[in-house]
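Listed here are the chains, written in short residue letters.
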Amino acid sequence: MGLNKFSNFPTQPTQVCVVFKLPEHLGTYPHPLAYIEWFTALQCQDPISSLYVVSHSTQNHCSNVSVISIEHIIWPCHLQA
């Protein structure tokens, strides 16, 4: 899995929890930000559906989350439980 051409983040599924702008007293940022939850990388496919099998990514038994610029979001995908 390589880096995508738009950012330094690996291309892997995330769930966007909220999109927001910083308040003016915290300075200016040119784009809205997204609070995201990471999922595991696309490695294993289900043999019947051919869909990728992913799960929530964790660090030290806690959800792996980040705040990123919405410019780093490449395309939407459907996550099914």
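To be clear, the structure that these remarks concern was listed above.
Residues numbered from 1 in each chain as written. Predicted model: local features only at pLDDT ≥ 70, side-chain atom pairs only at ≥ 80, totals over all residues. Heavy atoms only, no water.

Q: What am I meant to see in the overall build of the protein chain here?
A: When helices and strands are counted, the protein chain shows zero helices and seven strands. Counting from the amino terminus, the protein chain carries its helices and strands in the arrangement β-β-β-β-β-β-β. Sorting the 81 residues of the protein chain into buried and exposed places 19% on the buried side. Long-range pairs, those at least 24 residues apart, make up 50% of the contacts in the protein chain between residues at least 6 apart in sequence. Accessible surface computed for the protein chain: about 6,500 Å², of which carbon and sulfur atoms make up 55%. (Helix = DSSP H or I, 4+ residues; strand = E, 2+ residues; numbered from the N terminus. Buried < 20%, exposed > 50% of the residue type's maximum accessible area, 1.4 Å probe, protein only. Contact = heavy atoms within 4.5 Å. Areas by Shrake-Rupley, 256 points an atom, 1.4 Å probe, with all protein chains shown as cover.)

Q: Explanation requested: the side chain of S69 in the structure shown.
A: Relative to the elements of secondary structure, S69 occurs in strand β7 (residues 65-69). In this structure, S69 is in contact with Y29, H31, P32 and L33, ignoring residues within four places of it in sequence.

Q: I would appreciate a short explanation of the side chain of S57 in the present structure.
A: With respect to the secondary-structure elements, S57 resides in the loop between β4 (52-53) and β5 (58-59). With near-sequence residues (within four places) excluded, S57 lies in contact with W38, F39, T40, C62, S63 and N64.

Q: Is there a simple way to think about the sheet that holds β7 in this case?
A: In a beta sheet, neighbouring strands pair by backbone hydrogen bonds and run either parallel or antiparallel. In spatial order, the strands read β1-β2-β7; together these three strands make up an open sheet with antiparallel pairing. The strands lining the two open edges of the sheet, one partner per strand, are β1 (14-20) and β7. Pairwise comparison of adjacent strand axes, ignoring direction, gives a mean angle of 30° for this sheet. As judged from the five bridges shared by strand β2 (residues 33-38) and β7, these two strands associate in the antiparallel manner. (Pairing = 2+ DSSP bridges. Axes fitted to C-alpha atoms, helices over the stretch in contact; angles between N-to-C directions.)

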